[in-house]
Amino acid sequence: PFETLIIAKDNISSIIECEDKELYALSELMNFVFKKLYKALGDIPFNLSIKNGDIQNKNNPNRFHILITPRLYKTAGFEIDSDIFINTFMPEDAAKILLTNEGE
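Residues numbered from 1 in each chain as written. Predicted model: local features only at pLDDT ≥ 70, side-chain atom pairs only at ≥ 80, totals over all residues. Heavy atoms only, no water.

Attention now goes to the overall build of the chain. Of the regular secondary structure elements, the chain holds 3 helices and 3 strands. Overall, the chain shows an N-to-C arrangement of helices and strands of β-α-β-β-α-α. Counting only contacts in the chain whose residues sit at least 6 apart along the sequence, the fraction spanning at least 24 positions is 71%. A total accessible area of about 7800 Å² is found for the chain, and carbon and sulfur atoms account for 54% of it. (Helix = DSSP H or I, 4+ residues; strand = E, 2+ residues; numbered from the N terminus. Contact = heavy atoms within 4.5 Å. Areas by Shrake-Rupley, 256 points an atom, 1.4 Å probe, with all protein chains shown as cover.)

With that settled, the discussion passes to the packing of aromatic side chains. Across all of its chains, the model carries 2 aromatic pairs by this definition. A ring pair is formed by F34 and F46, whose centres lie 4.9 Å apart and whose planes are at 45°; its orientation type is tilted. Taken together, the residues F34 in helix α1 (residues 20-41) and F46 in strand β2 (residues 46-51) connect sequence positions 12 residues apart. (Phe/Tyr/Trp six-rings, centres within 6.5 Å; stacked < 30°, edge-to-face > 60°.)

With 14 residues, the main nonpolar core has I6, L26, L37, F64, I66 and I68 as its most contacted residues. When contributions to this core are tallied by element, the ones reaching two or more residues are α1, β3 (65-70) and α3 (91-99). With 4 residues, the top contributor of residues to this core is α1. Excluding residues that lie within four positions of it along the chain, L26 makes contacts with I6, I15, F64 and I66. (Core = buried A, V, L, I, M, F, W, Y, C linked by side-chain atoms within 4.5 Å. Buried < 20%, exposed > 50% of the residue type's maximum accessible area, 1.4 Å probe, protein only.)

Moving on, we come to unusual backbone geometry. Residues other than glycine seldom take positive phi values, yet F2 does so here, at roughly 70°. Assignment of secondary structure puts F2 in the segment before β1 (4-7).

The next point concerns the pairing of β3. Relative to β3, β1 runs antiparallel, the two being bridged by 4 bridges. When the sheet's bridge partners are listed, I7 is paired in β3 with H65. Bridge analysis of β2 against β3 gives 6 bridges, and the strand direction is antiparallel. Note that in β3 the partner of L48 across the bridge is I68. (Pairing = 2+ DSSP bridges.)

With antiparallel pairing, the 3 strands of this open sheet are ordered in space as β1-β3-β2. In this open sheet, the two strands that pair with only one neighbour each are β1 and β2. Adjacent strand axes in the sheet meet at a mean angle of 10°, parallel and antiparallel pairs treated alike. Here α1 sits on the sheet in contact with β1, β2 and β3, set at roughly 15° to β3. (Axes fitted to C-alpha atoms, helices over the stretch in contact; angles between N-to-C directions.)

This next bit is on α1. Over its 22 residues, α1 extends 31 Å from the first C-alpha to the last, a length consistent with the 32 Å expected when each residue adds 1.5 Å. Those residues of α1 that are buried lie in contact with β1, β2, β3 and α3. Positive backbone phi, at 85°, marks G42, one or two positions downstream of α1. (Expected span 1.5 Å × (residues − 1).)

Given below as structure tokens:
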């Protein structure tokens, strides 16, 4: 629940390709996301992954992305065995919670 994915808008395959103004905008966006997560979930642990795209393939680069995964539940046997995770909260409901009071 509340997993958040931030994807590069342009075809940028690595975070190191970002210009200063893009990194500043990304930091502002991440600050916004973490404030919303904190307000909705409290002080919870999370994993943050920065994934680069396929840098070798210049004709069709994948975009870099950042994945924020709140750790609200322990991984159970089904998830461990199958590597399939059960989302116990509707993504649409999570989005409504995170986007309320957007002007904050």
